[in-house]
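Residues per chain are reported as follows:
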Amino acid sequence: MLTGNEIRKLYLDYFKNKHQHTVVESSSLVPDNPTVLLTTAGMLQFLPIFLGIQKCPYEPARATSCQKCARAGGKDSDIENVGRTPRHHTFFEMLGNFSFGDYYKKEIIPWAWEFVTEVLKLDKDRLWITIFETDDEAYEIWRNVGVPAERIKRKGKKDNFWGPPGASGSCGPCSEIHYDLGEQYKCDDPRGCGIDTCECDRWVEIWNLVFTELYQDEEGNQSPLDSKNVDTGMGLERITMVCQGVASTFETDLLRPILDKVSEMSGVLYSKTPHPTPLPQGAREGNEKTDISLRIITDHARCVTFLISDGVIPGNEGRSYVLRMILRRALRHGKILGMDLPFLYKLVDVVIENYGEAYPDLVKNRQKIIDTIKKEEERFAKTLDRGYKLLDEFIANKKDIDGESAFKLYDTYGFPLELTKEIAAENGLNVDEEGYKTAMQEQKDRAKAATAKISVTGDMKYAKLEDEVGSTEFVGYEENECDAKILATIDGDGYVDVVLNKTPFYAECGGQTGDSGIIEDKETNGQEVKLEVLTTFKVNKLFVHRCKVINGDDLKDVAVHAKIDIPRREEIRLHHTSAHLLQSALRKVLGEEVHQAGSQVEPDRMRFDFTFSRAMTPDEIFKVEEIMNNWVAKGLNVHTDIMDIEQAKLTGATALFGEKYDDIVRVVSIGNETCISKEFCAGTHARNTRDLRLVKIVTEGAIAAGTRRIELVVSKAAFEYMNAKVKEMDKLSLMFKTHFDGVVERVEKLQEENKELQKELTHVKEENARAKFATFLSKAQDIEGGKLFITKIEDVDGNALKTGIEFASQKLGESIIVLASAKTVAVKVSDSFVKKGVNAGKIVGEIARATGANGGGRPNFAQGGIKDSSKLDEILAKIETDLKNCQPV
């Protein structure tokens, strides 16, 4: 029986060795195309070649690959079916071979037939073929390779015609190979169980051959392509299932080891597999419901392992949200099986054991994967039970879940909407998705109103103004000043907002701060009208200049001259270019998991937020800075291309995922012969990296789970920062009477001396505490089984109190000791009293609560705080009475 790993190798070797295909490594699950959530098909990495944007680099023009794919978000999502059907997955591998204007139907159809019948040795009598209803050419070729006419079924556009992927593009008929699993899996469709009548689990599509031979325009008109291409796809899990004679992909050797590990960890057996009688110790018999949970955890463990290895981290947007949703769905099904969190991270090793040879990055990224999953599990564990409590109220009352509650489950308790919908559906309830979206948008609006320079209602006001006066013509990429006309003004509190028909002022956008400068009337050079522009922002395509009025009252329709603050803009340009350099340097040092999560570009600093799962080391920060300064020294050119967005996507330019772009975009590239950075960007930039002069990273730190922030300075700001540091170092040198390179040594010496003094001080305090407690021990009372010692003590800190209680315990033997100061209470209970029910943690808790504080701990030792020491006498007296009367606390 062939293993999944053997089938993968057989496929690639067949097309490489027998048909001269170049084997191309799988691309990342994070595609280069910024508009695509995840890699969902093998052809995605070859799209620029298929579209003629990129010349085919392979000779001959054919390739083969085994592509990692994920379908768990957007229109291609299979998430709701995963675990509930025999062969749906969030992650899968797609075997494929591709011809770029080279071979076509008469080659690939015989090759495909040979591979499945001669290499994989599938039973020809179980193979069925579907073709597009008018594709007589494909029909004849299938007949010529030996497929009986009755096993070739013609189907319509819905089933056997591919594309175009958008409103227009390449498309063509396709032909599919299906496998009959056998009569035992047939359905009871009244039309009969057949390849052309039903869609039951008996019939498995194992290979799709797509023939792209047509171009379809936006009106739906089709015309022949100059070169015809082939794009095929064979799901590795499905073909492995067929070759291994099982009815579910979860029972193949690709997934069964993971499923068995989940079963072992949960103690729940998979009901589809016979088990010995009696059952293994601690094991529980499974059923269809528990089987679903076992399959979901199995699939999701594999998917999240690959996603994290490819650089995705859990979060609330885009693919990061998809990862979090999959991960938390697995955790929820773990709870159903009775598993305690964290548990999912323990499955990483079995995934890597199964896939590490084919995908070495899994081995390299093992610890990062484990740490990321475990950290996310610990986060969700804190809110999971509270979220369930809210859901239980709806389930108990058989009440549909309203949008506000669904959003609260997401926002407060970390339940992705998909998880809430799944739980609701299992209990016959619905979720108000529109209400959820409304609540989500309202929160975004509130956040925007809290941080924006203009309010949400202001946005509406300016949008209405744009309808009246039209959009603003922006000339600021080419010009620093221009003549213009004031079209409208809106008075504010101490300022006036001015709208021009044309402007050189860059409006805050894409993280770059807005321009400032001067607007003055042309006639008198500002004697009648002069405005100081404080900042510039925009609503849609209306540019708004927030101004302080220096001269002028009636501003409307005045002909003016607008001029930006050029030195300020120049510093902004340089800092914006540093953001692009930083992203490239970070990815060189930290890897491909780094993705921009936000930025703020100002004249005197640049702030850059990025996804990364841990703090950077000092060496990593130094390397990033060094790389950037090397690029600055090389004097690399910075240039901008303006192009159609579809063309821009295929250049490999980096973009912020989820960002909305116009049809025509600006792509900023940095480099001479070799491009080190290429990004979608509407901002203004340096002309050459040498203009930045110096890069200095100021800070690096966390701003949220999985998101880091770097602040840096360049050019003038960098020199000012370095000079300020030198001045402070000079002060320290003067203070310590040493050269600057001796300051650290002097500080370290002071720290060591301070540490020794602290040790001596602690020792003195402990000795004092022991002496003080020795005088109190006579107050210890005899009780059944030992001694009871309860007292207040003044002027003792927490450490001294702990020392005293240990000293008293040694002297008194079997005892209950309760010591309290104005700020702390500590209790120690000997094991003999613990066995009788006396609990130190409960005693501390009762005393602390009585004084308005909190505390607790183990049964034999506990410590807590004291808030209102005036209540101590009363509560200590009560505790003493209870313990003397043999009432355990």
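Being a predicted model, the structure only gives us computed values, none of them experimental.

1. Here's the deal with the packing of helix H3 (residues 105–119) against helix H4 (residues 136–144)
Stage number 1. Running from N to C, H3 and H4 point in directions that differ by 40°, and their axes come no closer than 10 Å. Considering the angle they form, H3 stands oblique to H4. The handedness of the crossing between H3 and H4 comes out as right-handed. Residues Lys105, Lys106, Ile109, Pro110 and Trp113 of H3 touch H4, and the partners they reach there are Glu137, Ala138, Ile141 and Trp142.

2. Remarks on the packing of helix H12 (residues 366–396) against helix H14 (residues 417–426)
Stage number 1. The N-to-C vectors of H12 and H14 enclose an angle of 40°; their axes lie 12 Å apart at closest approach. With respect to H14, the axis of H12 lies oblique. Taken as a pair, H12 and H14 cross one another with a handedness that is right-handed. Residue-level contacts link Phe380, Tyr388, Leu391 and Ile395 of H12 to Leu419, Thr420 and Ile423 of H14.
Stage number 2. Among the residues forming the contact of H12 with H14, the class breakdown is 6 nonpolar, 1 polar and no charged.

3. Here's the deal with the sheet that holds strand E18 (residues 596–602)
Hydrogen bonding along the main chain pairs the strands of a sheet, whether they run parallel or antiparallel.
Stage number 1. Here we have 4 strands laid out as an open sheet, ordered E18-E19-E24-E23, and antiparallel in their pairing. Looking at which strands have only one partner, the edges of the open sheet turn out to be E18 and strand E23 (695–704). Adjacent strand axes in the sheet meet at a mean angle of 15° when their direction is disregarded.
Stage number 2. Bridging between strand E19 (residues 605–611) and strand E24 (residues 707–714) involves 6 bridges; their strand directions are antiparallel. When the bridges of E24 are listed, Met606 appears paired with Leu712.
Stage number 3. With respect to the sheet, helix H18 (residues 618–634) is in contact with E23 and E24, its orientation differing from that of E23 by roughly 135°.

4. Things to note about the pairing of E23
Stage number 1. Judged from the 8 bridges that link them, E23 and E24 form a sheet pairing that is antiparallel. Each bridged residue has a counterpart across the sheet, and for Gly701 the counterpart in E24 is Arg709.
Stage number 2. Turn length for the E23-E24 hairpin, with the two strands adjacent in sequence and antiparallel, is 2 residues, and the turn residue Gly706 shows positive phi of about 80°.

5. Examining a negative patch on the surface
Stage number 1. Together, Asp400, Asp402, Glu404, Asp432 and Glu442 give the surface a local cluster of negative charge.
Stage number 2. Note on placement: Asp402 falls in the loop between H12 and helix H13 (403–411).

6. Quick word on the sheet that holds strand E12 (residues 496–500)
Stage number 1. As summarised here, the arrangement of the 6 strands in space is E11-E12-E16-E15-E14-E17, forming a closed barrel in which the pairing is antiparallel. Neighbour-to-neighbour, the strand axes of the sheet open up by a mean angle of 45°, direction not taken into account.
Stage number 2. Both strand E14 (residues 517–521) and strand E17 (residues 559–564) contribute to a ladder of 5 bridges, which runs antiparallel. Its bridge partner being in E17, Ile518 is matched across the sheet by Lys563.

7. Structural notes on the UniProt feature "binding site: Zn(2+)" (unreviewed entry) in the protein chain
Stage number 1. Mapped onto the present numbering, the UniProt feature "binding site: Zn(2+)" (unreviewed entry) falls at His576, His580, Cys681 and His685. A maximum C-alpha distance of 9.9 Å among these annotated residues, which run over 110 residues, shows that they cluster at one spot.
Stage number 2. Turning to its location among the elements, His580 is positioned in helix H17 (residues 566–590).
Stage number 3. For His580, the residues in contact, after removing those within four places along its chain, are Val668, Ile670, Ser677, Glu679, Cys681 and His685.
Stage number 4. Each residue touching His685, except ones within four places of it in the same chain, is listed here: Arg573, His576, Thr577, His580, Val638 and Val668.

8. Quick notes on the pattern of salt bridges
Should the charged atoms of two oppositely charged side chains come close, the side chains can pair.
Stage number 1. As enumerated under the stated definition, the model contains 57 salt bridges in all.
Stage number 2. Between Glu700 and Arg708 there is a salt bridge, with the nearest N and O atoms lying 2.8 Å from each other. For the pair Glu700 and Arg708, a shared accessibility class is recorded, and that class is buried.
Stage number 3. The salt bridge involving Lys792 is made with Asp873; its shortest N-O contact spans 3.0 Å. Linking Lys792 in strand E26 (residues 786–792) with Asp873 in helix H25 (residues 872–884), this pair joins segments that are 81 residues apart in sequence.
Stage number 4. Within the structure, one salt-bridge network assembled from shared partners comprises Arg84, Arg329, Arg332, Glu422 and Glu426.

9. What to know about the packing of aromatic side chains
Stage number 1. According to the stated counting rule, one finds 32 aromatic pairs in the structure shown.
Stage number 2. With 4.9 Å between their ring centres and 50° between their planes, Tyr11 and Phe15 make a pair best called tilted. Placement of the pair is Tyr11 and Phe15 together in helix H1 (residues 4–18), with a separation of 4 residues, close to one helical turn.
Stage number 3. You can call Phe15 buried: its relative accessible area is 0%.
Stage number 4. Ring centres of Phe115 and Trp207 lie 5.9 Å apart, and the angle between their planes is 75°; on these two criteria the pair is classed as edge-to-face. A residue pair is termed long-range when its members are at least 10 positions apart, and Phe115 in helix H3 and Trp207 in strand E8 (residues 203–216) qualify at 92 residues. Here Phe115 matches Trp207 in class, with each residue buried.
Stage number 5. A network of ring pairs unites the aromatic residues Tyr11, Tyr14, Phe15, Tyr103, Trp111, Phe115 and Trp207 as a single cluster.
Stage number 6. When the ring centre of Tyr495 is taken as reference, the NZ or CZ atom of Arg546 above it lies at 4.0 Å.

Criteria and cut-off values
- Residues numbered from 1 in each chain as written.
- Predicted model: local features only at pLDDT ≥ 70, side-chain atom pairs only at ≥ 80, totals over all residues.
- Heavy atoms only, no water.
- Axes fitted to C-alpha atoms, helices over the stretch in contact; angles between N-to-C directions.
- Helix = DSSP H or I, 4+ residues; strand = E, 2+ residues; numbered from the N terminus.
- Parallel < 35°, antiparallel > 145°, perpendicular 65-115°, else oblique.
- Left-handed = near helix turned anticlockwise from the far one by under 90°.
- Contact = heavy atoms within 4.5 Å.
- Nonpolar A, V, L, I, M, F, W, Y, C, P; charged D, E, K, R; others polar.
- Pairing = 2+ DSSP bridges.
- Patch = residues over 30% accessible without salt bridge, like charges linked within 9 Å, V, L, I, M, F, W, Y side chains within 5 Å.
- Areas by Shrake-Rupley, 256 points an atom, 1.4 Å probe, with all protein chains shown as cover.
- Salt bridge = Lys/Arg side-chain N within 4 Å of Asp/Glu carboxyl O.
- Lys, Arg positive; Asp, Glu negative; His and termini not counted.
- Charge placed at Lys NZ, Arg CZ, Asp CG, Glu CD.
- UniProt positions renumbered as here; feature names shortened; annotations may be inferred.
- Buried < 20%, exposed > 50% of the residue type's maximum accessible area, 1.4 Å probe, protein only.
- Phe/Tyr/Trp six-rings, centres within 6.5 Å; stacked < 30°, edge-to-face > 60°.
- Lys NZ or Arg CZ within 6 Å of the ring centre and 35° of its normal.

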